[in-house]
Amino acid sequence: LSALLGQLVERVGDVEPTQLVGLITELHSALKEREIQFYFTEEHVQDIFREYGWTGEIRETGDQQDYLMVINTNLGGGKSDAKMRQQVHHQAVVQDDGSVIDTVLITRFHEGDGTEQYFDEVNSSYIRLYVPEGSELIDAGGFVYPDESSFRVPPRWYQEDEDLARIEDEQSVHVKTGTRVTNEFGKTAFANWIVTKPNRETQVYFTYKLPFNVFEEKNVRITQ
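Please read all numbers here as calculations on a predicted model, not as lab measurements. (Residues numbered from 1 in each chain as written. Predicted model: local features only at pLDDT ≥ 70, side-chain atom pairs only at ≥ 80, totals over all residues. Heavy atoms only, no water.)

Participant: Lay out the packing of aromatic side chains in plain terms, naming residues and giving numbers.
Facilitator: Between two aromatic rings, the relevant description is the distance of the centres plus the angle of the planes. All chains considered together, the criterion is met by 12 aromatic pairs. Pairing Y52 with W54 gives two aromatic rings, centres 4.9 Å apart and planes at 20°, and the pair type is stacked. Accessibility expressed as a relative area gives 56% for Y52, which makes it exposed. Taking relative accessible area as the criterion, W54 reaches 23% and is therefore assigned partly exposed. Relative to W193, the ring of F151 lies with its centre 5.7 Å away and its plane at 55°, an arrangement referred to as tilted. On the criterion of sequence distance, the pair formed by F151 in the loop between β6 (136-141) and α4 (162-167) and W193 in strand β9 (residues 187-196) is long-range, its members being 42 residues apart. Taking relative accessible area as the criterion, W193 reaches 13% and is therefore assigned buried. One aromatic cluster is present, built from ring pairs that chain together F38, F40, F49, Y52 and W54. (Phe/Tyr/Trp six-rings, centres within 6.5 Å; stacked < 30°, edge-to-face > 60°. Buried < 20%, exposed > 50% of the residue type's maximum accessible area, 1.4 Å probe, protein only. Helix = DSSP H or I, 4+ residues; strand = E, 2+ residues; numbered from the N terminus.)

Participant: So what about the sheet that holds strand β10 (residues 201-213)? Which residues, and what values?
Facilitator: Backbone hydrogen bonds are what pair the strands of a sheet, in a parallel or an antiparallel way. Pairing in this open sheet of four strands is antiparallel, and the strands run β3-β4-β10-β6 from one edge to the other. The strands lining the two open edges of the sheet, one partner per strand, are β3 (84-94) and β6. Here the average twist between neighbouring strands, direction ignored, is 15°. Sheet analysis places strand β4 (residues 99-110) next to β10, joined by 10 bridges and oriented antiparallel. Of the residues in β10, the one forming a bridge with I101 is K209. (Pairing = 2+ DSSP bridges. Axes fitted to C-alpha atoms, helices over the stretch in contact; angles between N-to-C directions.)

Participant: Please give an account of the side chain of K83 that cites residues and values.
Facilitator: Along the chain, K83 falls in the loop between β2 (69-74) and β3. Separated by 2.6 Å, the side chains of K83 and E116 make a polar contact. What K83 contacts, discounting residues up to four positions off in sequence, is F109, H110, E111, G112, E116, F119 and D120. (Polar contact = N/O pair within 3.5 Å; in protein donor to acceptor, adjacent residues only side chain to side chain. Contact = heavy atoms within 4.5 Å.)

Participant: Outline the layout of surface pockets, supporting the account with residue identities and numerical values.
Facilitator: With a probe scaled to a water molecule rolled over the atoms, the places where space remains empty come into view. Put simply, the largest pocket is a space of about 1500 Å³. Taken together, 32 residues line the largest pocket, and the ones lying closest to its centre are E33, R34, E35, V70 and Q86. Elements that contribute at least two residues to the lining of the largest pocket include exactly α2 (20-32), β2, β3 and β5 (123-132). Residues belonging to the lining of the largest pocket are distributed by class as follows: 14 nonpolar, eight polar and 10 charged. For the second largest pocket, the calculated volume is near 600 Å³. What lines the second largest pocket is a set of 15 residues, among which L5, L8, V9, L27 and I36 lie closest to the centre. Top element by residues in the lining of the second largest pocket is helix α1 (residues 2-12). It accounts for seven residues. (1 Å grid on protein atoms, 1.4 Å probe; cavity = no way out; pocket = protein on both sides within 12 Å on 5 of 7 lines; lining within 4 Å. Points joined across faces, edges and corners; volume = space filled by probe spheres on them. Nonpolar A, V, L, I, M, F, W, Y, C, P; charged D, E, K, R; others polar.)

Participant: Can you lay out the pattern of salt bridges for me, pointing to particular residues and giving the numbers?
Facilitator: Enumeration according to the criterion identifies nine salt bridges in this entry. Measuring nitrogen to oxygen at the nearest pair gives 2.6 Å for the salt bridge that ties E116 to K83. Pair noted here: E116 is in the loop between β4 and β5 and K83 is in the loop between β2 and β3, with a separation of 33 residues, a long-range link. Looking at E116, the relative accessible area reads 36%, which means it is partly exposed. When salt bridges that share partners are traced, they join E43, D47, R50 and E57 into one network. (Salt bridge = Lys/Arg side-chain N within 4 Å of Asp/Glu carboxyl O.)

Here it is, written out as structure tokens:
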């Protein structure tokens with residue numbers, strides 16, 4: 001990446017004035033969608049980029065604040081992420097007792113047509129929802145597990161990664177769907193598999209109860 005950055009900077013100097021608007025628009029979109037993220041060892045520089053939301057951290061939220069972050073991790077699916085289109089629908093319904101039930105519906109469509117190597121592989125995504133810590137999973141569905149032949153059993157001499165073990169605190173496994181429930185980065189995470197073949201659409205959903213009651217606080221904010 002360091003070698004590529006130098007070439008990118010060099011090419012930017014050759015951009016025609018008529019292309020600048022398009023370049024800036026694409027760059028802004030990539031930063032907003034976190035396709036591009038920054039990390040600096042100089043803390044004061046990191047703080048500046050963090051204020052713009054360009055450094056990739058999971059945001060801290062208050063005790064009475066909703067939060068949603070959807071993460072897809074492509075495992076064994078080649079470069080198929082480039083062909084994926086995803087829509088996320090989030091609904092929060094306040095119950096009569098002041099509790100809040102959230103439902104998240106995720107739709108993924110694979111635009112591959114089988115003509116491009118690597119890009120038209122089956123997309124096997126380990127999908128995770130980060131929600132307020134203490135949220136309770138009520139229901140979920142639509143999941144498909146990858147073919148077992150896609151993965152190898154790890155050798156016995158493999159050891160647990162200490163950094164991962166420190167970050168990921170597994171709470172339970174949802175019996176009905178096999179969805180993993182963990183606590184990570186001050187959030188609760190729900191995780192499962194979604195497999196999408198070329199020219200196919202898949203959907204999964206999560207329904208969960210937030211860990212607070214809206215009658216306790218007048219102002220509840222949603223951060224995405």
